[in-house]
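Remarks on the overall topology
The lines below spell out each chain.
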Amino acid sequence: CKMAAGMRSGFVLFLAFGISCATNENEVSSLIDDLFDDSGYQNDVIPMLKPADKTTNVNAINIAVGLSMISMDLDPAGVLSATTWLRSSWSDFRLQWDPKEYGGLDNFKIPASMIWKPDLSVYNAADFGSGSFEDRYSLDQTNAIVYSTGKVLWIPPLPMKADCNHDHVLPSTDQNDPQGCNIKIGSWTYDGFHLNLTAFGGEEYLDLGDMSKNSPYVVTSQEGDALQTKYYPCCKEPYLSMNYRFTVQRAFAILDGKKVFDKSPEDLEKLYEQYQTTFTGNK
């Protein structure tokens, strides 16, 4: 009898858990149907409630952008190859809902390809086409988190190649010497009256907290003040970008299949400890 009671109790719990999971899945499915299918959501249309103002950014969408470096390498031509996490957030009024109408559901995950995304590009990119930052950014299937307020959080892992010396001829230098570099990111087509670029979390530095200790190059200093505004003679509209300026130095090289350190392991450990907070280094 005790065994039968236990089996009945377990079955009831299993059934309740199954119903709960099914209910949650049904709520998500219902919400997605309402937001996307029933409303005719268009992911190639910018989600502006009103047309852009001609003199201010009062109607612009706020786009928060940040960049986390995971690993990097630098070739003799001054091209920086990096593995990054692009941190981005914005609001899309078409993706708002009342959680009370969907069983308390206040967020869901969805492939970013299904929603509108700002057309961010690396201005000083060293490559384009298949496999480039722009290509991977536009096609990336990494999930975005959508909140009931309409807020979207998207942090995709993306590769990039940046030309550190696109505006001048790179002199012949020792690869052990610190090298200056920058990565400039912004909208490819929209001005600041449409997309108002802001610093993710208010941070205008590269985030180095997740930097791999097997990265061939390390960041030795940062300038900060990455958010920049530029005006062109033709137009009244401002154009915003995040221009991360920093120096890198080789940590090690692989010679005859062995790791040869340019910076001592002890110095590297100290450097990685400093990366756990906002790192500026010795400018």
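Report follows, based on the coordinates. (Residues numbered from 1 in each chain as written. Predicted model: local features only at pLDDT ≥ 70, side-chain atom pairs only at ≥ 80, totals over all residues. Heavy atoms only, no water.)

1. Comments concerning the overall build of the protein
Looking only at helices and strands, one finds 3 helices and 14 strands in the protein. Within the protein, the fraction of its 283 residues that count as buried is 39%. Once local pairs closer than 6 in sequence are excluded, the contacts in the protein between residues at least 24 apart make up 73%. (Helix = DSSP H or I, 4+ residues; strand = E, 2+ residues; numbered from the N terminus. Buried < 20%, exposed > 50% of the residue type's maximum accessible area, 1.4 Å probe, protein only. Contact = heavy atoms within 4.5 Å.)

2. Structural notes on a negative patch on the surface
On the surface, Asp33, Asp34, Asp37, Asp38, Asp98 and Glu101 cluster together into a negatively charged patch. When you line up the elements, Asp37 lands in helix α1 (residues 2–38). A relative accessible area of 57% places Asp37 in the exposed class. (Patch = residues over 30% accessible without salt bridge, like charges linked within 9 Å, V, L, I, M, F, W, Y side chains within 5 Å. Areas by Shrake-Rupley, 256 points an atom, 1.4 Å probe, with all protein chains shown as cover. Salt bridge = Lys/Arg side-chain N within 4 Å of Asp/Glu carboxyl O. Lys, Arg positive; Asp, Glu negative; His and termini not counted. Charge placed at Lys NZ, Arg CZ, Asp CG, Glu CD.)

3. Observations regarding the pattern of salt bridges
Enumeration according to the criterion identifies 4 salt bridges in this entry. A salt bridge links Arg250 to Asp262, with the nearest nitrogen and oxygen atoms 2.8 Å apart. Of this pair, Arg250 sits in strand β12 (residues 238–250) while Asp262 sits in the loop between β14 (258–261) and α3 (265–274), placing them 12 residues apart in sequence.

4. What to know about the state of the cysteines
Tallied over the full model, the rule gives 2 disulfides. At a sulfur-sulfur separation of 1.9 Å, the disulfide partner of Cys164 is Cys181. On the sign convention where negative is left-handed, the bridge of Cys164 and Cys181, at about -70 degrees about the S-S bond, is left-handed. Taken as a pair, Cys164 in the loop between β7 (157–163) and β8 (179–187) and Cys181 in strand β8 lie far apart in primary sequence, 17 residues in all. Of the two residues examined, Cys164 and Cys181, each falls in the buried class. A sulfur-sulfur distance of 2.4 Å marks the disulfide that ties Cys234 to Cys235. Every disulfide takes its handedness from the sign of the S-S torsion; for Cys234 and Cys235 that torsion is -80 degrees, giving left-handed. Note on Cys235: relative accessible area 26%, which makes it partly exposed. Taken N- to C-terminal, the disulfide-bonded cysteines of the protein are connected 1-2, 3-4. (Disulfide = S-S within 2.5 Å.)

5. Some details on empty space enclosed by the protein
Inspection of the entire model under this criterion finds 3 cavities of 30 Å³ or more. For the largest cavity, the calculated volume is near 50 Å³. For the largest cavity, the full set of lining residues is Leu120, Ser187, Tyr190, Asp191, Leu195, Asn196, Leu197 and Leu240. Among the elements that make up the lining of the largest cavity, the one with the highest residue count is strand β9 (residues 195–199) (3 residues). (1 Å grid on protein atoms, 1.4 Å probe; cavity = no way out; pocket = protein on both sides within 12 Å on 5 of 7 lines; lining within 4 Å. Points joined across faces, edges and corners; volume = space filled by probe spheres on them.)

6. Observations concerning the packing of aromatic side chains
Aromatic ring pairs are reported here in terms of the distance separating the ring centres and the angle at which the planes meet. A complete count under the given rule lists 10 aromatic pairs for this structure. For the ring pair Trp97 and Phe108, a centre distance of 5.4 Å and an interplane angle of 40 degrees mean the geometry is tilted. Here Trp97 is found in the loop between β2 (79–91) and β3 (107–111), whereas its partner Phe108 is found in strand β3, with 11 residues between them in sequence. Judged by centre distance (5.5 Å) and plane angle (75 degrees), the rings of Tyr232 and Tyr239 are edge-to-face. For Tyr239, a relative accessible area of 25% corresponds to the partly exposed category. Through a chain of ring-to-ring contacts, three or more aromatic side chains come together here, namely Phe133, Tyr137 and Trp154. The positively charged end of Lys117 is found above the aromatic ring belonging to Tyr137, 5.9 Å away from the centroid. Lying across the ring of Tyr147, Lys151 places its NZ or CZ 5.8 Å from the centre. (Phe/Tyr/Trp six-rings, centres within 6.5 Å; stacked < 30°, edge-to-face > 60°. Lys NZ or Arg CZ within 6 Å of the ring centre and 35° of its normal.)

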